[in-house]
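In case you want the letters, here they are:
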Amino acid sequence: MTEPSFSSITPSALPDQSVDKATARHVVLASFLAWMLDACDFFIVLFTLDDVAKSFNVSLQSVLLAPTLTLMTRPLGAFLCGRAADKYGRKPVLILTIIIYSLIELASAFAPTLVIFLALRTLFGIALGGEWGVGTSLIMESVPKSWRGTASGILQAGYPAGYLLASLVFLLLPVLGWRGLFVLGSGAIFSALYIWLRVPESPDWLARQKADTQHGKAEEHLGLLAIIKGNAALCVFAVVLMAAFNFMSHGSQDLYPKVFLALERHVPPTSITTVVVLYNLAAIAGGLFFGFLSQKIGRQYAIILAAALTLPLLPLWTLPHSLLWLGLGAVCIQFCIQGAWGVVPAYLSELSPPSVRATFPGLAYQCGNLIAASNALLQTWFATQLGMGLAPALMLAVGGGAVVVLVLTLLNARLYPQRI
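What counts, and at which threshold
- Residues numbered from 1 in each chain as written.
- Predicted model: local features only at pLDDT ≥ 70, side-chain atom pairs only at ≥ 80, totals over all residues.
- Heavy atoms only, no water.
- Helix = DSSP H or I, 4+ residues; strand = E, 2+ residues; numbered from the N terminus.
- Rg over C-alpha atoms; globule rule 2.2 N^0.38 Å.
- Buried < 20%, exposed > 50% of the residue type's maximum accessible area, 1.4 Å probe, protein only.
- Contact = heavy atoms within 4.5 Å.
- Areas by Shrake-Rupley, 256 points an atom, 1.4 Å probe, with all protein chains shown as cover.
- Lys, Arg positive; Asp, Glu negative; His and termini not counted.
- Charge placed at Lys NZ, Arg CZ, Asp CG, Glu CD.
- Domains from an automatic or database assignment.
- Buried area = accessible area lost by both parts, 1.4 Å probe.
- Salt bridge = Lys/Arg side-chain N within 4 Å of Asp/Glu carboxyl O.
- Polar contact = N/O pair within 3.5 Å; in protein donor to acceptor, adjacent residues only side chain to side chain.
- Nonpolar A, V, L, I, M, F, W, Y, C, P; charged D, E, K, R; others polar.
- Patch = residues over 30% accessible without salt bridge, like charges linked within 9 Å, V, L, I, M, F, W, Y side chains within 5 Å.
- Core = buried A, V, L, I, M, F, W, Y, C linked by side-chain atoms within 4.5 Å.
- Phe/Tyr/Trp six-rings, centres within 6.5 Å; stacked < 30°, edge-to-face > 60°.
- Lys NZ or Arg CZ within 6 Å of the ring centre and 35° of its normal.

## A closer look at the overall build of the protein chain
In terms of helices and strands, the protein chain carries 21 helices and zero strands. Relative to its length of 420 residues, the protein chain is compact, with a C-alpha radius of gyration of 21 Å against a globular reference of 22 Å. Projected onto its principal axes, the C-alpha positions of the protein chain cover 65 × 50 × 40 Å. Here the protein chain holds 420 residues, and the buried ones make up 58% of them. Residue pairs at least 24 apart in sequence account for 86% of intrachain contacts in the protein chain once pairs closer than 6 positions are excluded. Of the accessible surface of the protein chain, which amounts to about 16,600 Å², a share of 74% is contributed by carbon and sulfur atoms. Within the protein chain, the 19 negative side-chain charges are centred at a point lying 5 Å from the centre of the 24 positive side-chain charges.

Following this line, the structure appears as structure tokens:
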């Protein structure tokens, strides 16, 4: 069964073949846990970079390769895991992905050399990149139609929740050491057991497999190049959109706590921790709010509203010298940025051709993330060139990303109003 070619960017309605509501709650919780624990494992590395460097007696710059290599292999994971989930089912691939990243996290704790540690973090990127797309397809194809916006917000809230969890786990560093934190992070494997016991396979995937069998033909699983060729406009739109989304997210988070608040605004560490906790709580709330709102006004218009509200908040977020106003700006802007992100799982799933629904959203997300991986370098370069500190560079990166998200989504909304 060959997927129709998308010469333009048109929403594809997800069929409402949901499981019962009690089981759907398990699907939502399982997908949230998987993404939260995956994000937590990633942030544990970022929090312990200097400790890892001391342990291996190398420079911090050498260990910085770990998150870079992880980011570079995420698109590969999105493709491999997504294609496997489209062919063999969402549930088994999601379980396998969680088991793999948990075992890699455990192995990282016992890495004897930096080379082995970096190799493990490279493999971790494949699992990290694969989990989101597979989990997104499972949840969007399983919950009732009226839940999809809220479920999208809950799923995406797993990322800031993982950040928060890693912050709490990091408090145990003096007791456990960095290797102990990695062992603790590998406990994510228990979520795979929960999925195996309580989460069914996607009813939409099962229905399409049954239809193919009844008609005596197997669904054609196209290669990556064929998918891109047959859906060129859709692929370009999604990757550029997700690159802009990632510039908003990474542009507002990567350098903000330690470089901007600590070095430029001289905020003490305890106050920085408080601000980070507050803006991550706001991020979770924003994802839930705009995800729910998208069920009322449409995915596109919820994204447009969140992106538009980000722009007037930029000065409040960066220009004050008062901790109170900086904290308020950070809370408000993360509410809007992660609010827009809360709509993304549902939006990309509804844009995706059905036969690649596990591949397309994750691959678009991770390719966009790869493009935005240059964010920190670009921001520091702009700050140096302008000679005015980091504030203008932060506003330029986040504001530019918000404008691109706003314009692209608005154009798509005008050309192809989305059906909920």
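## Considering the side chain of Thr48
Along the chain, Thr48 falls in the loop between helix H1 (21–47) and helix H2 (49–56). On the basis of relative accessible area, Thr48 is assigned to the buried category, the value being 0%.

## Quick notes on the domain arrangement of the protein chain
Examined at the domain level, the protein chain breaks down into domain 1 (21–203) and domain 2 (227–415). Distance between the C-alpha centres of domain 1 and domain 2: 21 Å. Counting residues at the interface gives 38 residues for domain 1 and 42 residues for domain 2. Across the domain 1 to domain 2 interface the summed buried area is about 3,000 Å²; carbon plus sulfur atoms make up 65%. When the area that domain 1 buries against domain 2 is broken down by residue, the three leading residues are Trp132, Tyr163 and Leu164, summing to 18%. Here domain 1 is connected to domain 2 by one salt bridge. Here Arg357 makes a salt bridge to Glu141, at a shortest N to O gap of 3.0 Å. The tally of links between domain 1 and domain 2 comes to 12 residue pairs in polar contact (both at pLDDT 80 or more). Considering each element in turn, the side of domain 1 that touches domain 2 owes the most residues, 10 residues, to helix H4 (residues 65–88). Looking at side-chain class alone, the side of domain 1 that touches domain 2 contains 20 nonpolar, 11 polar and seven charged residues.

## Brief notes about the pattern of salt bridges
Applying the stated criterion to the full structure yields nine salt bridges. The partner of Asp86 in a salt bridge is Arg90, with the nearest N and O atoms 2.9 Å apart. The exposure classification of Asp86 matches that of Arg90, with both residues buried. Its salt-bridge partner being Asp204, residue Arg208 comes within 3.3 Å of it at the nearest N-O pair. Note that Arg208 and Asp204 are positioned in helix H11 (residues 203–214) at a spacing of four residues, about one turn of the helix. Taken as a pair, Arg208 and Asp204 share a single burial class, namely buried. When salt bridges that share partners are traced, they join Arg83, Asp86, Arg90, Glu141, Asp204, Arg208 and Arg357 into one network.

## Points about a nonpolar patch on the surface
Judged by side-chain polarity, Leu103, Leu106, Phe110 and Val183 come together as a nonpolar surface patch covering roughly 360 Å² of accessible area. Position of Leu106 relative to the elements: it lies in helix H5 (residues 90–109). Exposure remark for Leu106: the relative accessible area of 31% places this residue in the partly exposed category.

## A few points about the nonpolar core
Counting residues in each nonpolar core, the largest one holds 122 residues, and the members touching the most others are Phe117, Phe245 and Tyr256. Tallying contributions element by element places H1 first for this core, with 16 residues. In terms of domain composition, this core takes at least three residues from each of domain 1 (21–203) and domain 2 (227–415). Not counting residues within four places of it along the chain, the set of residues in contact with Phe245 comprises Ile303, Ala340, Trp341, Val344 and Val405.

## Quick look at the packing of aromatic side chains
For the coordinates displayed, the defined rule picks out 24 aromatic pairs. These aromatic residues form a ring-pair network of at least three members: Trp35, Phe42, Phe43, Phe47, Trp132, Tyr159, Tyr163, Phe170, Phe245, Trp341 and Tyr365. Cation over ring: Arg74 sits above Tyr365, and NZ or CZ is 5.9 Å from the ring centre.

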